Each structure stands twice: as C-alpha cells, then as structure tokens.
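Structural characterization, general
Letter by letter, the chains look like this.
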Amino acid sequence: MGLRIIHPVPIYEYECRSCRHQFEQLIRTGDTAACPKCQSGDLERLLSHVSMSSENTRQLHFNRARQAAKRVQKDKDVAQWEYEKKHREEGH
Ligand SMILES: [Zn+2]
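Reference entry: report on the structure contained in this document. This is a predicted model, so every value here is computed, not measured.

Here we come to the overall build of the protein. Within the protein one finds one helix and three strands. For the protein, buried positions account for 4% of its 92 residues. For the protein, long-range pairs separated by at least 24 residues make up 44% of all intrachain contacts whose partners lie at least 6 apart in sequence.

Okay, here's the thing in structure tokens:
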C-alpha cells in the first residue's frame, strides 16, 4: 500500500457464503461487495472496523512524538547556548 488514504474509510469484513473465503473490503456509498475469489455477491458481513483511522491515529502520535523531540532538541540547544554564553562571560 503505497497510497495513503487521509479520510477514514469503512472497511468491512465479509465471509463468502459460496466458498467461505474471508476478506476485507472497502465499501464506499454505492459500492457492492463481491468475493474476490469466486466473484459471488452472497456474502455475510462479519464485523466492521475502520482500520484507516487507527493508521491515522498512529501517524498523529508519530507526528506528535516527533514534534516533542524537536522541542526537546530546541531546549537543549538553548541550554547549550546559554551555558556557552555564561561561560564566555565568566571567562572575561
Ligand atoms: Zn467466494
């Protein structure tokens, strides 16, 4: 999956009544699910979950963690700069 979907898309889990094949399918309005194995439309919906939203949440957490890390690095830089400045002033 190279493409990143930004909006959460409902993904439904189905079991094919003809061949018992279980699969997940992304269903947008107007779409009808069909078994990828035998193309049968006689499906049983198992459970629905929005897997893209958890992916987004993970990405959000990652971004937050990165921002926090950046902030810490900046604080360190400032501390280092202040230390050097103080050191220089004391030296004189
Ligand atoms: Zn099938």
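Below, the discussion takes up the pairing of strand S2 (residues 22-26). Where strand S1 (residues 11-16) meets S2, five bridges bridge the pair, whose relative direction is antiparallel. Counted as the bridge partner of Tyr14 is Phe23 from S2. Count of turn residues in the S1/S2 antiparallel hairpin: five residues, of which Arg20 carries a positive phi of about 65°.

Its place among the elements puts Gln39 in the loop between S2 and strand S3 (43-49). Classification of Gln39 as exposed rests on a count of 9 C-beta atoms within 10 Å. Between the C-alpha atoms of Gln39 and Cys16, which are 23 residues apart in sequence, the distance is 9.2 Å.

So, about the environment of Gly41. Considering the arrangement of structural elements, one finds Gly41 in the loop between S2 and S3. For Gly41, a count of 12 C-beta atoms within 10 Å gives the class exposed. Measuring from C-alpha to C-alpha, the distance between Gly41 and Ser18 comes to 9.0 Å, with 23 residues separating the pair along the chain. Residues contacting Gly41, with those up to four places away along its chain left out, are Thr32 and Ala34.

Topologically, Glu44 is positioned in strand S3. In this structure the C-alpha to C-alpha distance between Glu44 and Arg17, which are 27 residues apart in sequence, comes to 6.6 Å. Apart from the residues within four sequence positions on either side, Glu44 is in contact with Tyr14, Glu15 and Arg17.

The rules we used
- All chains use their own residue numbering, which begins from 1 and follows the written sequence.
- Local features in a predicted model are, by the rule used here, given only for residues with pLDDT of at least 70; side-chain atom pairs are given and counted only at 80 or more, and totals for whole chains, interfaces and linings are based on all residues.
- For helices the rule is a DSSP run of H or I covering at least 4 residues; for strands it is a run of E covering at least 2, with both sets numbered from the N terminus onward.
- For the exposure call, what matters is how many other C-beta atoms sit within 10 Å of a residue's own: 20 or more marks it buried, 12 or fewer exposed, and in between partly exposed, using C-beta atoms placed from the backbone.
- By the criterion used throughout, residues are in contact when their C-beta atoms, derived from the backbone, lie within 7 Å.
- Strand pairing is assigned whenever DSSP identifies at least 2 bridges connecting the two strands.

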